[in-house]
Amino acid sequence: MRRTALPSAPALFLLGLGVFLLVLAMMLVWYVRPRAAVNPVDIDVTAVYTGTGSVFDSEEARTVHDRRITVTQRVRGDVVASERSGAAVWDVVTTVDTDESLPAADPRDALEFVTGRWVTDRRTNKPVHCCQERGHHEGEAYLKFPFDVQKRAYTWWDNTLGATVVLSYRGTEEIQGYRGYVFTGTVPATRIGTRLVPGGLVGKPEAAQLFAEEWYANHGIRLVVDQSTGRSLYAQVGPRRTLRAPGATRDAVVLLDSRKLAFTQATQKSQVSQARKESGQLRLVGRTLPIDAGAAGCVLTAASGVLLAKSRPRPRTTARSSPTPST
């Protein structure tokens, strides 16, 4: 009876390991990487903008110029609300100060103090309206851009405007030695609400008080973002807020006006450091490990095929006796 030779153990081991690595490569790309690219829930980040401009001094009841302006924006995640909802729930506190109000023991003593709650889908970065959201946000980007930023225009939420602004792609730029995508836009003068003020403040001394129109514009928005994570490496804005008498076409009072408020060097370095770390992690699970695992899997499966081919039994050849010639 002919016996069938079994494949060698090394060949089977290499085949199994090769198949495992090929499956692992596909899982890293299609399963692990998408689950790693999510907005965090335990975020605690402070960004500081500085610049010079004009502000309204409430004590002097007039606009003062050439003042140093500091905008501090702190973002903290509500982990409990995030885990309960499945979304990223971030609380945002923004203060505007001059040197006179800094340092402040209480941020509410600032020239301006604004709070909000931003809720997003952790994967797409799109707004989710839940979890006691404060302020109805829309658009594709606000505190950050989506993951895998593309070279196209994005709708960015302007919290002061209360609407989205289209930011156009303008190429790339290096921030602290790290390259990001540049997006820019502007906001034309737009009425954003009313404010009860003394009539004399807006040129109507006959009225003790009236609801003046509040107008907002932005000289220029410039954001440089990390392509992989959507994190802002650099941010620059040029806000202008004014008051007008009802129905007037000209500004009567300047509340805030600055051509450029931008990330400080310290904020830039912190943002770049985090972007390097996070994009490196995403690149590891989304590109480096899958490529290495896939290549190793192909080599091992090929090697196992060679060993299996060598382990096959060769057919035996039997010499036949020549027939005896008849005489």
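Notes on the structure follow. Worth saying up front: this structure is predicted, and the values here are computed from it rather than measured.

1. Describing the overall build of the protein
Right, so step 1: Within the protein, the regular secondary structure consists of 3 helices and 11 strands.
Right, so step 2: Seen in sequence order, the protein has helices and strands lined up from the N terminus as α-β-β-α-β-β-β-β-β-β-β-β-β-α.
Right, so step 3: With 327 residues in all, the protein has 39% of them scored as buried.
Right, so step 4: Total accessible area on the protein is roughly 19,000 Å²; 54% of this is exposed by carbon and sulfur atoms.

2. Comments concerning the pattern of salt bridges
Right, so step 1: Within this structure, the stated rule accounts for 18 salt bridges.
Right, so step 2: A salt bridge links D251 to R244, with the shortest nitrogen-to-oxygen separation between them at 2.8 Å.
Right, so step 3: Residue D251 is classed as partly exposed on the basis of its relative accessible area of 32%.
Right, so step 4: Note on R244: relative accessible area 11%, which makes it buried.
Right, so step 5: Three or more residues are tied together by salt bridges with common partners; here these are D78, D91, R117 and R134.

3. Observations concerning the pairing of strand β2 (residues 62-77)
Right, so step 1: Both strand β1 (residues 44-57) and β2 contribute to a ladder of 13 bridges, which runs antiparallel. Counted as the bridge partner of F56 is T63 from β2.
Right, so step 2: Here β1 folds back onto β2 in antiparallel fashion, the turn holding 4 residues, of which A61 has a positive phi close to 55°.
Right, so step 3: Here 9 bridges tie β2 to strand β3 (residues 88-98), and the two strands are oriented antiparallel to one another. By the bridge assignment, T72 is partnered in β3 with T95.

4. Some details on the packing of aromatic side chains
Right, so step 1: Counted under the stated rule, the structure contains 8 aromatic pairs.
Right, so step 2: Aromatic pair Y154 and F183: ring centres 5.6 Å apart, planes at 90°, arrangement edge-to-face. In this pair, Y154 is assigned in strand β5 (residues 154-158) and F183 in strand β7 (residues 178-198), connecting sequence segments 29 residues apart. As far as burial versus exposure is concerned, Y154 and F183 are alike and both buried.
Right, so step 3: Taken together, a centroid distance of 5.4 Å and an interplanar angle of 70° make the contact between Y169 and Y181 edge-to-face. Here Y169, found in strand β6 (residues 163-175), pairs with Y181, found in strand β7; they are 12 residues apart in sequence, far enough to count as distant.
Right, so step 4: Overall, Y181 belongs to the buried group, its relative accessible area being 15%.
Right, so step 5: Through a chain of ring-to-ring contacts, the aromatic side chains of F145, Y154, Y169, Y181 and F183 assemble into a single cluster.
Right, so step 6: It is K144 that lies over the ring of F147; its NZ or CZ is 4.2 Å from the centre.
Right, so step 7: One cation-aromatic arrangement involves R152 over Y154; the distance from NZ or CZ to the ring centre is 3.9 Å.

5. Examining the nonpolar core
Right, so step 1: Ranked by size, the top nonpolar core spans 36 residues in total, and within it F145, L167, F183, I221 and L223 carry the most contacts.
Right, so step 2: Dropping the residues within four chain positions of it, F183 is found in contact with F145, V149, Q150, R152, Y154, L167, S168, Y169, I221, R222, L223 and V225.

6. With respect to the environment of V197
Right, so step 1: Looking at the element boundaries, V197 is found in strand β7.
Right, so step 2: Given the relative accessible area of 5%, V197 is considered buried.
Right, so step 3: Spatially, the C-alpha atoms of V197 and E213 are 9.9 Å apart, while their sequence positions differ by 16 residues.
Right, so step 4: Once residues within four sequence positions are removed from consideration, V197 is found in contact with V202, A208, Q209, L210, A212 and L243.

Rules of the game
Residues numbered from 1 in each chain as written. Predicted model: local features only at pLDDT ≥ 70, side-chain atom pairs only at ≥ 80, totals over all residues. Heavy atoms only, no water. Helix = DSSP H or I, 4+ residues; strand = E, 2+ residues; numbered from the N terminus. Buried < 20%, exposed > 50% of the residue type's maximum accessible area, 1.4 Å probe, protein only. Areas by Shrake-Rupley, 256 points an atom, 1.4 Å probe, with all protein chains shown as cover. Salt bridge = Lys/Arg side-chain N within 4 Å of Asp/Glu carboxyl O. Pairing = 2+ DSSP bridges. Phe/Tyr/Trp six-rings, centres within 6.5 Å; stacked < 30°, edge-to-face > 60°. Lys NZ or Arg CZ within 6 Å of the ring centre and 35° of its normal. Core = buried A, V, L, I, M, F, W, Y, C linked by side-chain atoms within 4.5 Å. Contact = heavy atoms within 4.5 Å.

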